[in-house]
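Here is how the chains run, residue by residue.
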Amino acid sequence: MNRMSIYPFLLSFFVGILFFQCSPTVGKKVHSDEHLPVRQRIIEDAAKTVGSRYKYGGTGNRGFDCSGLVYTIYKNHEFFLPRSARDMIKYGQKINKRQVQPGDLAFFKNIGRKVDHVAIVYKIDRDGIWLIHSTTSRGVITQNLESSSYWSKRLIQFNSII
């Protein structure tokens, strides 16, 4: 084989590789795990805020209110949500409890009021769904939703933003 006859072969070979790499994978199951790194980064950043104090209107170093915490964490990952829980609930996709994953949002309302609280789903384990949220009484905490008689009664819905 001379040098000139190998060039068409090499060109065909590299073009074939390019098309193979760019084509969708047949038979590969695509599911929500493709977003796992983003979810993990959101949870890691939210966990760093645990212990911060509650501050009405707060979005940072001096403290957080509930929607300020969610707004700031998601903004840091280029998800631009409205500033209030009442408006955040309109974003993303409503999901049921069986579909919830870390990084999703949980929305709450107090009796006789509109949506007024939001939390980030931190983890799901055999004890249930754990949240990171900013409470007026304890600041930013992790809390088991099912173990909280207060919050479990006020849950409205879960939304997936990611």
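These remarks concern the structure in this document. All residue numbers here refer to positions counted from 1 along the written sequence of the relevant chain. For this predicted model, a pLDDT threshold of at least 70 governs which residues receive local features, and a threshold of 80 or more governs which side-chain atom pairs are given and counted, while totals over whole chains, interfaces and linings are taken from all residues. Side-chain descriptors were evaluated using all non-hydrogen atoms of the structure, hydrogens and water having been removed beforehand.

## Points about the packing of aromatic side chains
And then number 1: Between rings of Phe, Tyr and Trp, where Trp is taken as its six-membered ring, a pair exists when centres lie within 6.5 Å; planes separated by under 30 degrees are stacked, by over 60 edge-to-face, and by other angles tilted. In this structure the tally under the stated criterion is three aromatic pairs.
And then number 2: Ring centres of Phe108 and Trp151 lie 5.1 Å apart, and the angle between their planes is 70°; this geometry places the pair in the edge-to-face category. Placement of Phe108 in strand β4 (residues 105-109) and of Trp151 in helix α5 (residues 149-152) is noted, with a sequence separation of 43 residues between them.
And then number 3: Burial classes follow relative accessibility: with a 1.4 Å probe on protein chains only, a residue under 20% of its type's maximum area counts as buried, one over 50% as exposed, and anything between as partly exposed. Judged by its relative accessible area of 0%, Phe108 falls in the buried class.
And then number 4: An angle of 85° between the planes, with centres 4.8 Å apart, marks the rings of Tyr150 and Trp151 as edge-to-face.
And then number 5: Taking relative accessible area as the criterion, Tyr150 reaches 37% and is therefore assigned partly exposed.
And then number 6: Ring-pair connections join several aromatic residues into one group, and the members of that group are Phe108, Tyr150 and Trp151.
And then number 7: In this structure, Lys123 is placed above the aromatic ring of Trp130, and the distance from its NZ or CZ to the ring centre is 5.2 Å.
And then number 8: Comment: the charge-over-ring label is applied if NZ (Lys) or CZ (Arg) is within 6 Å of the ring centre and within 35 degrees of the ring normal. Positioned over the ring face of Tyr150 is Arg154, at 3.8 Å from the centre of the ring. Helix numbers and strand numbers start at the N terminus; a helix is a DSSP run of H or I with at least 4 residues, a strand a run of E with at least 2.

## Re helix α2 (residues 36-48)
And then number 1: Here, expected helix span is obtained from the residue count minus one, scaled by 1.5 Å. Compared with an ideal rise of 1.5 Å per residue, which puts 13 residues at 18 Å, α2 spans 18 Å between its outermost C-alpha atoms and is within 8% of the ideal.
And then number 2: Every buried residue of α2 is accounted for by Arg39, Ile42, Ile43 and Ala46. Take α2 and look down its axis: the buried residues cluster within an arc of 95°, on one side only.
And then number 3: Contacts between residues were defined by any pair of non-hydrogen atoms, one from each residue, lying within 4.5 Å. At its buried positions, α2 is contacted by α3 (66-75), β5 (115-125), β6 (128-135) and β8 (155-160). The arc in question is the one spanned by the directions pointing from the helix axis to the C-beta atoms.

## Focus on the pairing of β4
And then number 1: Counting buried positions along β4 gives four out of five residues, so the element sits mostly inside the fold.
And then number 2: Here the rule is simple: two strands pair whenever DSSP picks up at least two bridges between them. Relative to β5, β4 runs antiparallel, the two being bridged by five bridges. The residue bridging Leu105 from the neighbouring strand is Ile120, located in β5.
And then number 3: Once β4 ends, the chain turns through five residues before running back antiparallel as β5, passing Gly112 with a positive phi of about 80°.
And then number 4: Taken together, the four bridges between β4 and β8 define a ladder with antiparallel strand orientation. Looking at the pairing, Ala106 lines up with Phe158 of β8.

## A closer look at the sheet that holds strand β3 (residues 93-95)
And then number 1: A sheet is described by the order of its strands in space; here six strands give the open sequence β3-β8-β4-β5-β6-β7, paired in antiparallel fashion. The outermost strands of the open sheet, each flanked by one partner alone, are β3 and β7 (139-144). If you compare each strand with its neighbour and ignore which way they point, the axes differ by 35° on average.
And then number 2: Looking at chain direction, β3 and β8 are connected through three bridges and run antiparallel. Note that in β8 the partner of Gln93 across the bridge is Ser160.
And then number 3: For every element, the axis is a line fit to its C-alpha atoms; helices are fit only across the contacting stretch, and the angle between N-to-C directions ranges from 0 to 180 degrees. Strand contacts of α2: β5, β6 and β8, with the helix running at about 110° to β5, the strand carrying the most contacts.

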